[in-house]
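# Fold and geometry: a report
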Amino acid sequence: MKNSILRYVLVLTIIAVSSGIALGFFNSVTAEQIAANRRAREVAAVQRVLGIDQFSEKVVDGKKLYTAQTPDGELVAFTCAPSGFSGPISLMVSVNLEAETVRRVVVLEHAETPGLGARIQESWFTQQFAGKALKDPFVVKKDVEAITGATISSTAVTRGIKEEAARVVALLKAGVDGE
Amino acid sequence: MNKEFIKGLWKENPTFVMLIGMCPTLAVTTAAINGVAMGLATTAVLVFANVIISSLRRVIPKAVRIPSYIVVIASLVTITDMVMAAFFPDIHKVLGLFIPLIIVNCLIMGRAEAFASKNEPKSAFWDGLGMGIGFTWALTLIGAVRELFGAGTVFGQSVFGSSYQPVILALLPPGAFITMGLIVAIFKAVELSYKRRLHHASRPVSDPGKLSVGQ
């Protein structure tokens, strides 16, 4: 009896240790490529939302911001993840700091219902935020057109943009005053 | 081609006959391409898991076989996840959430327990490959049907044209159950009619019982 328990422990230990070694090996082989892929995706999203290839990054109060100088003024891009109908909706938003308007909105990831909430990705929906003043009310069915049958998703995106944009602009202003 | 490979394709098809591994089957099949990708990822894990578990079948004591299988399968799934994230980032982005689910796919545990632990690595390899491909085509078929009705496309290619009004139900979770049920029903009907024909063919043409009634 005692022997068999020792054998169980031994076999399980050997299996677990060899699995650990295999995992470590594959992690060392793939980690760099995975990080590079993630970075490439991030850069592509920032470039898309800023509409410009060159940008700089900074972290203000724990929030990662991407800034760029364009003829239209200084732009800042950031991510936000408001709660949608079925999980967080990951958005990347760019704001023109001088005009205090939204420049562009890109949906990065979401788990909304196909055919309903998933239509937040469609350009007619995200396009309506382009050039919208941050002072605007951002109320669905008033100054923002909602997706039929997906009011929750539409509201989540609309409020997410407004709230996070206000926070980022405030953060940047506070940073300037502090200097 | 041997019988261990063939059986998973149709006669013991994991999805349509044994009805195991339902969680990924119903969750990922919103498009044909997702079915292909999920099927192939599962096949890779299944083949390796079968071969490893079969090679270790004399080493692993019966009392600790389940934890041993889980450690082996979980490691293989994690490796698959990392390899896909590194080299197939686009597919990984779609399937990212579902790959960890392969660990609890009872298809893999089921084959480990029912086949790999009792047979040698060579048969276990063919069994895993056959079951994996059987699973892949089943998922692809369900995905294609749901995509066809839910979006009017198959593999992203438009089938019904732009005037088609998609039946969104097909893409929603209930659509998975409905599609799955209908396909299993068709599968059963085909199998039954095939068996009946076989049965008729094996009988002598002049059935003495029938003749006596007729006379």
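Read on for a plain summary of the structure.

Parameters at a glance
Residue numbers here run from 1 along each chain, matching the order of that chain's written sequence. For this description, chains carry letters from A and ligands carry numbers from 1, given in the order in which they are written. Where totals are concerned, whole chains, interfaces and linings use all residues; where local detail is concerned, this predicted model gives features only for residues with pLDDT of at least 70, and gives and counts side-chain atom pairs only at 80 or more. For the side-chain quantities, the full set of heavy atoms in the structure was used; hydrogens and water were omitted. By definition, any uninterrupted DSSP run of H or I lasting at least four residues is a helix, any uninterrupted run of E lasting at least two residues is a strand, and each is numbered from the N terminus. Think of it in three bands: with a 1.4 Å probe and only protein chains considered, a residue is buried below 20% of the maximum accessible area for its type, exposed above 50%, and partly exposed in between. By definition in these notes, contact holds between two residues if any of their heavy atoms fall within 4.5 Å. Each accessible area value is a Shrake-Rupley result obtained with a 1.4 Å probe; residue values ignore everything except the protein chains displayed when judging cover. His is not counted, nor are the chain ends, whereas Lys and Arg count as positive and Asp and Glu as negative. Charge coordinates come from a single atom per side chain, which is NZ of Lys, CZ of Arg, CG of Asp or CD of Glu. In this setup the radius of gyration rests on C-alpha atoms only. A globule is expected at 2.2 Å times the number of residues raised to 0.38. When DSSP locates at least two bridges between a pair of strands, those strands are taken to pair. As a rule, the C-alpha atoms of each element are fitted with a line to give its axis, helices using only the stretch in contact, and angles between N-to-C directions run from 0 to 180 degrees. Throughout, the accessible surface (probe 1.4 Å) given up by two parts as they are put together, summed over both, is called the buried area. Every case where a carboxyl oxygen of Asp or Glu lies within 4 Å of a side-chain nitrogen of Lys or Arg is listed as a salt bridge. Identification of polar contacts relies on pairs of N or O atoms within 3.5 Å, with a donor-acceptor requirement for protein atoms, meaning one able to donate a hydrogen and the other able to accept it, and with residues adjacent in sequence counted only if both atoms are side-chain atoms. The sense of a crossing depends on the near helix, which, turned anticlockwise from the far helix by less than a right angle, makes the crossing left-handed and, turned clockwise, makes it right-handed. Residue type decides the class: Asp, Glu, Lys and Arg count as charged, Ala, Val, Leu, Ile, Met, Phe, Trp, Tyr, Cys and Pro as nonpolar, and the leftover types, Gly among them, as polar. Each direction from the helix axis to a C-beta atom contributes to the arc, which is the arc of those directions. Patches in this entry comprise residues that are over 30% relatively accessible and not in a salt bridge; like charges within 9 Å are linked, as are nonpolar side chains (Val, Leu, Ile, Met, Phe, Trp, Tyr) within 5 Å.

What follows concerns the overall build of chain B. From N to C terminus, chain B includes nine helices and two strands. The linear arrangement of helices and strands in chain B, starting from the amino end, is α-α-α-α-α-α-α-β-β-α-α. Projected onto the principal axes, the alpha-carbon positions of chain B cover approximately 75 × 60 × 30 Å. Considering chain B as a whole, with its 215 residues, one finds that 42% of them fall into the buried category. Within chain B, contacts between residues at least 6 apart in sequence are counted, and of these 76% link residues at least 24 apart. Just so you have it, chain B exposes about 11000 Å², and 71% of that area is on carbon and sulfur atoms. When the 18 positive and 10 negative side-chain charges of chain B are each reduced to one mean point, those points stand 7 Å apart.

A count of helical and extended segments in chain A gives three helices and five strands. When the helices and strands of chain A are placed in sequence order, the string is α-β-β-β-β-β-α-α. Compactness check: chain A gives a C-alpha radius of gyration of 23 Å against a globular reference of 16 Å for 179 residues, more than 25% above the reference. A buried classification covers 37% of the 179 residues belonging to chain A. For chain A, the proportion of contacts with a sequence separation of at least 24, taken over those separated by at least 6, is 46%.

What follows is about the sheet that holds strand 5 (residues 101-109) of chain A. All names here are of chain A. Sheet architecture is open: five strands sit in the order 1-2-3-4-5, paired in antiparallel fashion. Edge positions in the open sheet fall to strand 1 (56-60) and strand 5, since each of these has one partner strand only. Direction aside, the axes of adjacent strands within the sheet are offset by 25° on average. Two strands pair when backbone bridges link them, and strand 2 (residues 63-70) and strand 3 (residues 73-80) are joined in this way by five bridges, in the antiparallel orientation. Paired with Tyr-66 across the two strands is Ala-77, which belongs to strand 3. Against the sheet, helix 1 (residues 2-50) touches strand 1, strand 2, strand 3, strand 4 (90-96) and strand 5, its axis set at about 150° to strand 5.

Facing the 21 residues of chain A at the interface are 23 residues of chain B. Between chain A and chain B, the buried area comes to about 1900 Å², and carbon and sulfur atoms account for 79% of it. The tally of links from chain A across to chain B stands at zero salt bridges. For the pair chain A and chain B, the interface holds four residue pairs in polar contact (both at pLDDT 80 or more). Those elements that place two or more of their residues in the side of chain A that touches chain B are helix 1 and strand 5 of chain A. When residues of the side of chain A that touches chain B are assigned to their parent elements, the largest contribution, 16 residues, is made by helix 1 of chain A.

With that settled, the discussion passes to the pattern of salt bridges. Taken as a whole and judged by the stated rule, the model has 17 salt bridges over all chains. Ionic pairing is found between Glu-100 of chain A and Lys-173 of chain A, a salt bridge with its closest N-O pair at 3.0 Å. With Glu-100 of chain A in the loop between strand 4 and strand 5 and Lys-173 of chain A in helix 3 (residues 151-178), the pair connects residues that are 73 residues apart, well separated along the chain. Accessibility expressed as a relative area gives 27% for Glu-100 of chain A, which makes it partly exposed. Judged by relative accessible area, which is 48%, Lys-173 of chain A ranks as partly exposed. Linked through salt bridges whose partners overlap, the residues forming this network are Lys-3, Glu-4, Lys-7, Arg-111 and Asp-127 of chain B.

All names here are of chain B. At their nearest, the axes of helix 3 (residues 32-55) and helix 4 (residues 65-87) sit 10 Å apart, and the two run at 140° to each other. Our pair here, helix 3 against helix 4, has a crossing hand that is right-handed. Two secondary-structure elements touch here, helix 3 through Ala-41, Val-45, Phe-48, Ala-49, Ile-52 and Ile-53 and helix 4 through Tyr-69, Val-72, Ile-73, Leu-76, Val-77, Thr-80 and Met-84. Looking at the contact of helix 3 with helix 4 residue by residue, the classes come out as 12 nonpolar, one polar and no charged.

All names here are of chain B. Taken together, the buried positions of helix 6 (residues 106-116) are Leu-107, Ile-108, Arg-111, Ala-112, Phe-115 and Ala-116. With its buried residues spanning 135° around the axis, helix 6 presents them on a single face. Buried positions along helix 6 lie against helix 1 (3-6), helix 3, helix 4 and helix 7 (121-151). Here helix 6 starts with a cap whose side-chain oxygen sits 2.9 Å from the backbone nitrogen of Leu-107, and that cap is Asn-105.

Another aspect to go through is a positive patch on the surface. Taken together, the side chains of Arg-38, Arg-41, Arg-48 and Arg-104 of chain A together with Lys-93 of chain B make up a positively charged region of the molecular surface. You can see Arg-38 of chain A is positioned in helix 1.

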